[in-house]
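Next come the chains, spelled out residue by residue.
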Amino acid sequence: MGRLTIRTNNTHKMTSLNGFSSGASLGGKVSRYRDKQNIYKQGAPAYTLFYIQEGGVRLTTRTKHQPAAVTAILGVGDLFGELCLAGYPLRMSTAVALTASSIRTIKKAKMLQMLREKNNKTSNSLVAYLLSSMKKYQDHVADLLTSSAEQRLARVLLRLAHLDKSGAAVAEIPVLSHQVLAEMVGTTRPRVNMFMNRFRRQGYIDYDGGLEVRQSLRKVLIRR
């Protein structure tokens, strides 16, 4: 699997990139993680949060008597572990590096200090990012309740490619296993395989080293 970066010329990327694209303004320490190395485990004390400078991260959550479910696939420019800012004392998920990654660790107290600063570019970007993250979580829950599995898969692919309505026509992301996609969508691997083959036949996606996602995949979202 290659780096979790979006190889396109679109400039919208993510909210997080508007104020701290290098991550240096966040302070903290940058650490390297190996492919599939744990960054933290669910239930561990939560005193820090993290910013991805290179690579990618998978978040999984396990509930009692249930298998772990993938709740997010994150890439360059994403923050994670941010629930500590809301007073959660323990990690609510397990974070694992998807590939060799460079990740900046920021102490909770330092981040809270930055958030309190007024008229600060970094602070404003952080607030915008956190609000955007909350909306994405709410949208994800709404998708699970109201959308078909095929539509949920399409939305996951579009989100991973950062393709909004005004963005680029095509973006490329690393190929994820159908099992991981199934866990994110809330369905089975055979159904994901069926949907992915259908998307490719219809010209919405293509495989060429990475996974190429096209804006036309949005047509799946408006089907009745």
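Residues numbered from 1 in each chain as written. Predicted model: local features only at pLDDT ≥ 70, side-chain atom pairs only at ≥ 80, totals over all residues. Heavy atoms only, no water.

With that settled, the discussion passes to the overall build of the protein. Scanning the protein from terminus to terminus reveals 5 helices and 11 strands. In the protein, the share of contacts with a sequence separation of at least 24, taken over all contacts with a separation of at least 6, comes to 75%. With an accessible surface of roughly 11,900 Å², the protein has 52% of that area assigned to carbon and sulfur atoms. (Helix = DSSP H or I, 4+ residues; strand = E, 2+ residues; numbered from the N terminus. Contact = heavy atoms within 4.5 Å. Areas by Shrake-Rupley, 256 points an atom, 1.4 Å probe, with all protein chains shown as cover.)

Right, let's get into the sheet that holds strand S7 (residues 94-97). Spatially, 4 strands are ordered S2-S7-S4-S5 in an open sheet, and the strand pairing comes out antiparallel. Each of the sheet's edge strands pairs with one partner strand only, and the pair in question is strand S2 (38-40) and strand S5 (69-74). Direction aside, the axes of adjacent strands within the sheet are offset by 30° on average. Note: S2 against S7, 2 bridges, orientation antiparallel. (Pairing = 2+ DSSP bridges. Axes fitted to C-alpha atoms, helices over the stretch in contact; angles between N-to-C directions.)

Looking at the element boundaries, Thr-94 is found in strand S7. Judged by relative accessible area, which is 17%, Thr-94 ranks as buried. For Thr-94, the side chain forms a polar contact with the main-chain nitrogen of Gln-42, separated by 2.9 Å. Those residues in contact with Thr-94 that lie beyond four places of it in its chain are Asn-38, Tyr-40, Lys-41, Gln-42, Arg-58, Leu-59 and Thr-60. (Buried < 20%, exposed > 50% of the residue type's maximum accessible area, 1.4 Å probe, protein only. Polar contact = N/O pair within 3.5 Å; in protein donor to acceptor, adjacent residues only side chain to side chain.)

What follows deals with a nonpolar patch on the surface. A cluster of nonpolar residues, Leu-83, Tyr-88 and Met-92, forms a patch on the protein surface that exposes about 280 Å² of accessible area. With respect to the helices, strands and loops of the structure, Met-92 is situated in the loop between strand S6 (79-80) and S7. A residue is classified by how much of its surface remains accessible, and Met-92, at 44% relative accessible area, is partly exposed. (Patch = residues over 30% accessible without salt bridge, like charges linked within 9 Å, V, L, I, M, F, W, Y side chains within 5 Å. Salt bridge = Lys/Arg side-chain N within 4 Å of Asp/Glu carboxyl O.)

For the structure shown, the criterion picks out 3 salt bridges. As a salt-bridge pair, Arg-198 and Glu-150 come within 3.1 Å of each other at their nearest N and O atoms. With Arg-198 in helix H5 (residues 189-201) and Glu-150 in helix H3 (residues 149-160), the pair connects residues that are 48 residues apart, well separated along the chain. Since its relative accessible area comes to 11%, Glu-150 is described here as buried.

What follows covers the environment of Leu-83. Turning to its location among the elements, Leu-83 is positioned in the loop between S6 and S7. Judged by its relative accessible area of 40%, Leu-83 is partly exposed. Along the backbone, Leu-83 and Leu-130 are 47 residues apart, and their C-alpha atoms lie at a distance of 9.8 Å. Sequence-distant contacts of Leu-83, that is, excluding residues within four places in its chain, are made with Tyr-88 and Met-92.

Turning to helix H4 (residues 178-185), a few remarks are in order. Count 3.6 residues to each turn of an α-helix, and residues three or four apart come out pointing the same way. Most of H4 is tucked away, with 6 of its 8 residues classed as buried. Two residues or fewer past H4, Gly-186 is found with a positive phi of approximately 85°.

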